[in-house]
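Spelled out, the chains give:
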Amino acid sequence: MVSVLGLVLFGAVLALQTLFAAVLTRFFRLRLQTRWGYVIYSLVLIPVVLLVTTLVFFGVFPIGAGLNLGATALLGAAIGIPLALGFTIDTLYVPAPEEYDLPDRQ
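First, a word on what this report is: a plain description of the structure on this page. All values derive from a computational prediction rather than experimental measurement.

Parameters at a glance
- Along each chain, residue indices are assigned from 1 in the same order as the chain's sequence is written.
- Local features in a predicted model are, by the rule used here, given only for residues with pLDDT of at least 70; side-chain atom pairs are given and counted only at 80 or more, and totals for whole chains, interfaces and linings are based on all residues.
- Processing note: side-chain calculations cover all non-hydrogen atoms of the structure and skip hydrogens and water entirely.
- In this description a helix means any DSSP run of H or I spanning at least four residues, a strand means any run of E spanning at least two, and both kinds are numbered starting from the N terminus.
- Taken over C-alpha atoms, the radius of gyration is set against a globule rule of 2.2 Å times the number of residues to the power 0.38.
- Contacts: residue pairs with any heavy atoms within 4.5 Å of one another.
- Expected helix span is taken as 1.5 Å per residue step, with the number of steps being one fewer than the number of residues.
- Two axes enter the definition of the bend at a residue: one is fitted to the seven residues ending there, the other to the seven starting there, and the bend is the angle between them.
- Think of it in three bands: residues with accessible area under 20% of the maximum for their type are buried, residues over 50% are exposed, and the middle band is partly exposed, with areas taken using a 1.4 Å probe on protein chains only.
- Think of a salt bridge as a Lys or Arg side-chain nitrogen and an Asp or Glu carboxyl oxygen that are within 4 Å of each other.
- Each Phe, Tyr or Trp ring (for Trp, its six-membered ring) is paired with any other whose centre lies within 6.5 Å, and the angle between the two planes then decides the class: stacked below 30 degrees, edge-to-face above 60, tilted in between.

A separate point is the overall build of the protein chain. Summing up its helical and strand segments, the protein chain has 3 helices and 0 strands in all. Mapped in sequence order, the helices and strands of the protein chain form the string α-α-α. At 17 Å, the protein chain has a C-alpha radius of gyration far larger than the 13 Å of a compact globule built from 106 residues. Here the C-alpha coordinates of the protein chain stretch approximately 60 × 25 × 25 Å along the principal axes. Within the protein chain, residue pairs in contact and separated by at least 24 positions form 82% of the contacts whose partners lie at least 6 positions apart.

Structure representation (structure tokens):
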């Protein structure tokens, strides 16, 4: 049986994972000066970070134990959706790093 607390915690974990994905995408966009470099790094390294946090949240802490999700559905929901949302939020809704005017260094 699914509890309301289990659904709320599952949603909170997905929101936190989305935040991780958006911040890491932004970090790669700021640090890498190539056009496709941040895309490749984001698609390769962010799922590893999301996998580790998924193992911590759903393995060590029994969040979502009553949801009866299979392993594939859990990985798709806990890695795929936050990766897509975080990447989309940073790429489409946050201005590009080139649009900011920074003061000159002395």
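As a further point, take helix H2 (residues 37-60). Taking 1.5 Å per residue as the helical rise, H2 with its 24 residues ought to reach 34 Å, and the 34 Å between its terminal C-alpha atoms agrees with that figure. Of all the bends found along H2, the most pronounced is centred on Leu43 and spans about 30°, while Pro47, a proline, follows it within four residues. Here H2 has its buried residues at Gly37, Tyr38, Val39, Ser42, Ile46, Leu50, Thr53, Thr54, Phe57 and Phe58. On the buried face of H2, the contacting elements are helix H1 (4-31) and helix H3 (71-93).

Bringing the environment of Thr53 into the picture now. Within the secondary structure, Thr53 sits in helix H2. Once you skip the residues sitting within four places of it in the chain, Thr53 turns out to touch Gln17 and Phe20.

Attention now goes to the pattern of salt bridges. Scanning all chains against the criterion turns up 2 salt bridges. Arg26 serves as the salt-bridge partner of Asp90, at 3.9 Å between the closest nitrogen and oxygen. Of this pair, Asp90 sits in helix H3 while Arg26 is found in helix H1, placing the two residues 64 residues apart along the sequence. Asp90 gets classed as buried once you look at its relative accessible area, which sits at 2%.

Take the packing of aromatic side chains next. Across all of its chains, the model carries 4 aromatic pairs by this definition. Centroid distance Phe10 to Phe58: 5.6 Å. Interplanar angle 55°. Geometry classified as tilted. In this pair, Phe10 is assigned in helix H1 and Phe58 in helix H2, connecting sequence segments 48 residues apart. When its relative accessible area of 12% is taken as the criterion, Phe10 is described as buried. Here Phe28 and Tyr41 contribute two aromatic rings whose centre-to-centre distance is 5.7 Å and whose plane-to-plane angle is 50°, an arrangement assigned as tilted. Taken together, the residues span a long stretch of sequence, with Phe28 in helix H1 and Tyr41 in helix H2 at a distance of 13 residues. Among the aromatic residues, those joined into a ring-pair cluster are Phe27, Phe28 and Tyr41.

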